[in-house]
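Secondary and tertiary structure notes
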Amino acid sequence: MAGESPMANEEFNDGLLDFLARSPTPFHATANLAALLAAAGFAALDEIADWALQPGGRYYVVRNGASIIAFAMGTDPLHRNGIRMLGAHTDSPCLMVRPNPERNRRGYFQLGVEVYGGVLLNPWFDRDLSLAGRVVVRAADGSLAARLVDLRRPVAVIPSLAIHLDRDVNRQRSINAETDIQPLLGQIAGEGQGDLRALLAAEIGGGEVLDYELCLYDTQAPALVGLGGEFIAAARLDNLLSCYAGVQALIGAAGGQTRLVVCSDHEEVGSGSASGAQGPFLESVLTRLIPDAAARTRVLAASLLLSADNAHGIHPNFPAKHDDNHGPLLNRGPVLKVNHGQRYATNSLTAARVRDWARAAGVPLQSFVARNDMGCGSTIGPLTATRLGVPTLDLGVPTFAMHSIRELAGTADAASLFTLARCCFEHQGPLAVR
Ligand code: CO
């Protein structure tokens, strides 16, 4: 099992880095997770169709191309043993292309962008950016179809302003998200404008591009960095790392328990959408699994949801940002996140269950609670717990530079999260602590 030796970590991280590189948008992440599941024998379900679920069957279902729920039907009695669940999110803060993006300023072809989520804007300057996302095309026969597109090559850049033109930049820099970050894609002769739709149509081999959702992303490949390769540097570690660990654990888990992974879009903008964690996606799948409302209530009361999302490691240059006793270190294990204001859903019953698994599996655990004089993030954990009433816990790997275009995690921690997810999925007997 990954997490038990450096070699296993290496193998796990190779797969993770490859997944991150091929998943520049939630649409690509979802397609890649679906492909992993399909290759492992999970059958695709269509929300529009009738479902004939079989005991022992393994399935996945995608909503809006960017959220996915995968589950394995167990043979254990559900009302007694519940469902072992892990939740994560597929989206990451980024810059998205506007509907009418083309502009020509001084002969430079630029695309207007919209800030998606809590982007750390500074690191987006001077990167070799590409474009990827979902495009809807009209074919010659009049049919409409969604297509994934990923230009892969660097096509855009947001140049910094030279220090000579902004002498105070290192002492005080504020970034205007409307005027300062519009990327350059080239130069145009004369009065014309570039044509993004034509560029996209050429990229996907024809058809009329009716609409799109496109993200800019950094073309620099994920990498292991540090003298001993201690760190994973990549975009979208928040939260594709958890999606990958959860799905791999689901694929690898054995035993008679019913298990489920939900990876939702729109977490970075509050999860309020048809496919987000505040929406009905998970509840609707559970309703189809267990149609009777009273039976479903019993099952959920006996279930557990691990809400997996990254945590803030204590930064050696900024140690005052953490309480001394709650400063998670990279490569020292996943972090149990506590906030009694319910920004995190962890309580002593759910935390104790995970601590017990971690001890048995030899996985180190750390704890995080925010300083009282600082804000606290949140996750899909409290939202899902509030909506479904399922016992929930928030945990995740410690990282630096969350929401930067390049984040940093520890090479030992992702595999540890995978190991804990697998402990959850393979737990024998009832989960509930009373
Ligand atoms: Co996150």
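Up top is the structure these notes are about.
Residues numbered from 1 in each chain as written. Predicted model: local features only at pLDDT ≥ 70, side-chain atom pairs only at ≥ 80, totals over all residues. Heavy atoms only, no water.

1. Concerning the state of the cysteines
Here, disulfide denotes a covalent bond that connects the sulfur atoms of two cysteines. Under the defined criterion, the tally for this structure stands at 0 disulfides. Unpaired in this structure, C263 has its nearest cysteine sulfur neighbour in C243, at a distance of 3.6 Å. (Disulfide = S-S within 2.5 Å.)

2. A few points about helix α6 (residues 281-289)
Within α6, the full set of buried residues consists of F281, L282, V285, L286 and L289. One face of α6 carries all of its buried residues, which in axial projection span an arc of 130 degrees. On its buried face, α6 is in contact with β2 (58-63), β3 (67-72), β4 (83-89), β13 (258-264), α7 (293-301) and α9 (380-388). (Buried < 20%, exposed > 50% of the residue type's maximum accessible area, 1.4 Å probe, protein only. Helix = DSSP H or I, 4+ residues; strand = E, 2+ residues; numbered from the N terminus. Arc of directions from axis to C-beta. Contact = heavy atoms within 4.5 Å.)

3. Structural notes on the packing of helix α2 (residues 26-39) against helix α5 (residues 237-252)
A pair of packed helices is characterised by two quantities: the angle between their axes and the separation of those axes. For the pair α2 and α5, the least separation of the axes is 10 Å and the interaxial angle reads 15 degrees. The orientation of α2 relative to α5 falls into the category roughly parallel. Seen from above, α2 lies across α5 with right-handed handedness. Of the residues in α5, those touching α2 at A29, L33, L36 and L37 are L240, C243, Y244, V247, Q248, L250 and I251. Of the residues in the contact of α2 with α5, the class split is 10 nonpolar, 1 polar and no charged. (Axes fitted to C-alpha atoms, helices over the stretch in contact; angles between N-to-C directions. Parallel < 35°, antiparallel > 145°, perpendicular 65-115°, else oblique. Left-handed = near helix turned anticlockwise from the far one by under 90°. Nonpolar A, V, L, I, M, F, W, Y, C, P; charged D, E, K, R; others polar.)

4. Comments concerning the coordination of the cobalt ion
Coordination of the cobalt ion by the protein involves H89 (NE2), D238 (OD), D309 (OD) and D309 (OD), with metal-donor separations of 1.9 to 2.6 Å. Classification of the site at the cobalt ion rests on its 4 donor atoms, whose angles at the metal span 51 to 133 degrees, yielding the label irregular. In the primary sequence, the donor residues of the cobalt ion line up as H-x148-D-x70-D. Taken as a pair, H89 in strand β4 and D309 in the loop between β14 (304-308) and β15 (311-312) lie far apart in primary sequence, 220 residues in all. Given a relative accessible area of 6%, D309 falls into the buried group. (Donors = N, O, S within 2.8 Å, 3.2 Å for Na, K, Ca; no water. Tetrahedral: all angles 85-135°; square planar, octahedral: opposite > 155°, others 65-115°.)

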